[in-house]
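Observations on the three-dimensional arrangement
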Amino acid sequence: MADLTPTPDRPGLHVSKPSPNAPATGSAVCHCGATATATGDSQVRALVEGYTANHGAAHGNGGARR
């Protein structure tokens, strides 16, 4: 399987929860340079909400680096 972890060259959001009893993990890298990681279901939920509200497509420039 390919490595889906976002990088500055491949910005994005990645969330993993290998089983119902395991805590979720997440990482995000935006084309603007912002990065974040989270562990735990509620922290990952906040990471996803923050990324989708403030980064990625929210920048409205089609993903071009600034």
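Refer to the structure presented above.
Read on for an overview of the structure. Keep in mind the model is a prediction, meaning the values are calculated, not measured.

**Describing the sheet that holds strand β2 (residues 25-29)**
Across the sheet, which stays open at both edges, the three strands sit in the order β1-β2-β3 with antiparallel pairing between neighbours. Each of the sheet's edge strands pairs with one partner strand only, and the pair in question is β1 (12-16) and β3 (35-39). Strand-to-strand twist in this sheet, taken as the mean axis angle between neighbours without regard to direction, amounts to 5°. Pairing between β2 and β3: five bridges, direction antiparallel. Each bridged residue has a counterpart across the sheet, and for V29 the counterpart in β3 is T35. Packing against the sheet, helix α1 (residues 41-54) makes contact with β1, β2 and β3, and its axis sits at approximately 20° to β2.

**Digging into the pairing of β2**
With four of five residues buried, β2 lies mostly within the body of the structure. Bridge count between β1 and β2: five bridges; the pairing is antiparallel. Paired with H14 across the strands is S27, a residue of β2. What sits between β2 and β3 in their antiparallel hairpin is a turn of five residues, with G33 showing a positive phi close to 110°.

The rules we used
- Residues numbered from 1 in each chain as written.
- Predicted model: local features only at pLDDT ≥ 70, side-chain atom pairs only at ≥ 80, totals over all residues.
- Heavy atoms only, no water.
- Pairing = 2+ DSSP bridges.
- Helix = DSSP H or I, 4+ residues; strand = E, 2+ residues; numbered from the N terminus.
- Axes fitted to C-alpha atoms, helices over the stretch in contact; angles between N-to-C directions.
- Contact = heavy atoms within 4.5 Å.
- Buried < 20%, exposed > 50% of the residue type's maximum accessible area, 1.4 Å probe, protein only.

Any link to function would need more than the numbers given here.
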